[in-house]
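# Breakdown of the fold
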Amino acid sequence: MKELFSLQGRVALITGGSRGIGRMIATGFLQQGARVYITARKAAACDAAAAELSSLGTCISLPADVSTVEGARRLAAEIQQREPALDILVNNAGAAWGEDFDTFPEQGWDKVVDLNMKTPFFLTQALHEALKRGAKERPAKVINVASIDGISVNPWETYSYSASKAGLIHLTKRMALRLAQDNIVVSGIAPGPFPSDMNKQARDHGDAVAERVPVHRIGTTEDMAGAAIYLASRAGDYVVGETIVVDGGVTIARG
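About the cut-offs
Residues numbered from 1 in each chain as written. Predicted model: local features only at pLDDT ≥ 70, side-chain atom pairs only at ≥ 80, totals over all residues. Heavy atoms only, no water. UniProt positions renumbered as here; feature names shortened; annotations may be inferred. Helix = DSSP H or I, 4+ residues; strand = E, 2+ residues; numbered from the N terminus. Contact = heavy atoms within 4.5 Å. Buried < 20%, exposed > 50% of the residue type's maximum accessible area, 1.4 Å probe, protein only. Salt bridge = Lys/Arg side-chain N within 4 Å of Asp/Glu carboxyl O. Expected span 1.5 Å × (residues − 1).

Per an unreviewed UniProt entry, the protein is named SDR family oxidoreductase, and its organism is Ramlibacter pallidus. The UniProt entry for the protein carries the following comment under Sequence similarities (unreviewed entry): "Belongs to the short-chain dehydrogenases/reductases (SDR) family."

## Some thoughts on the side chain of T243
One can find T243 in strand β7 (residues 243-246). The contacts of T243, once residues within four sequence positions are left out, are I169, T172, G188, I189 and A190.

## Considerations on the environment of K173
Mapped onto the secondary structure, K173 falls in helix α6 (residues 159-179). Residue K173 is classed as partly exposed on the basis of its relative accessible area, which comes to 36%. Distance from K173 to E83, taken between C-alpha atoms, is 28 Å for residues 90 residues apart in sequence. Setting aside residues up to four positions removed in sequence, K173 forms contacts with G241 and E242.

## Here's the deal with the pattern of salt bridges
It is possible for side chains bearing opposite charge to pair when their charged atoms get close. Evaluated as defined, the whole model comprises twelve salt bridges. Here D87 makes a salt bridge to R10, at a shortest N to O gap of 3.4 Å. Of this pair, D87 sits in the loop between α3 (69-82) and β4 (88-91) while R10 sits in the segment before β1 (11-15), placing them 77 residues apart in sequence. Like D87, the residue R10 is buried in the burial classification. The salt bridge partner of D237 is K141, with a shortest N-O separation of 2.8 Å. On the criterion of sequence distance, the pair formed by D237 in the loop between α9 (221-232) and β7 and K141 in strand β5 (residues 140-145) is long-range, its members being 96 residues apart.

## Here we look at helix α1 (residues 20-31)
Between its terminal C-alpha atoms α1 stretches 17 Å, which fits the 16 Å expected from twelve residues at 1.5 Å a residue. In terms of burial, α1 is a largely internal element, nine of the twelve residues being buried. Residues of α1 that are buried: I21, G22, M24, I25, A26, T27, G28, F29 and L30. Directly after α1, the chain includes G33, whose backbone phi takes a positive value near 100°.

Structure follows, in structure tokens:
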């Protein structure tokens, strides 16, 4: 039981790991002993984040654009050149687009749905063999980062974002059933208000946002890291296909 939440000796890849929720998860994984690769489209930001996080453990920058299937496959190939196996994959990279219904563009649909829902599937597919090698002794893990906006409706016109996150939650269930055959456990996290470039309201107006949260605060690094560590560690081995809501009660308050 002492090792229930340990990630010692585990190799993890976190997409969108240079900032926001991805960085929060990377922080937690490093503190629990994992060897962590973070990837982001902007190389300088990815390198800088890895350098800062390296004070906590082994954090390696692997800049990549995973918004296309080709980009996801290139990243998978790079990881497999560096590591004999992959134990944990966190599909966190995402995008959002808000615009009025009458002018909402095709670009705002394709960009968001491709990165938020298509990329997690095809990156996991490309890393399937690496994850199976990581699953020989104990379960490998895939964690898909969704959103509470895929569960309940927010007040903004973010059509493709809400649809993609709802789709990712259901895709998590479908992937979980298939990959359980290979000792790979797939689960998800649906964050609420955490400060990030994706959630500028929580980042820039945290006190105002906190007034609408039942626990009267926005999420912290510890809140996100705790959920991710739980799912990635032995503690979460029996959580299959479920998406854990981490939002301070916002979803039930909306309902």
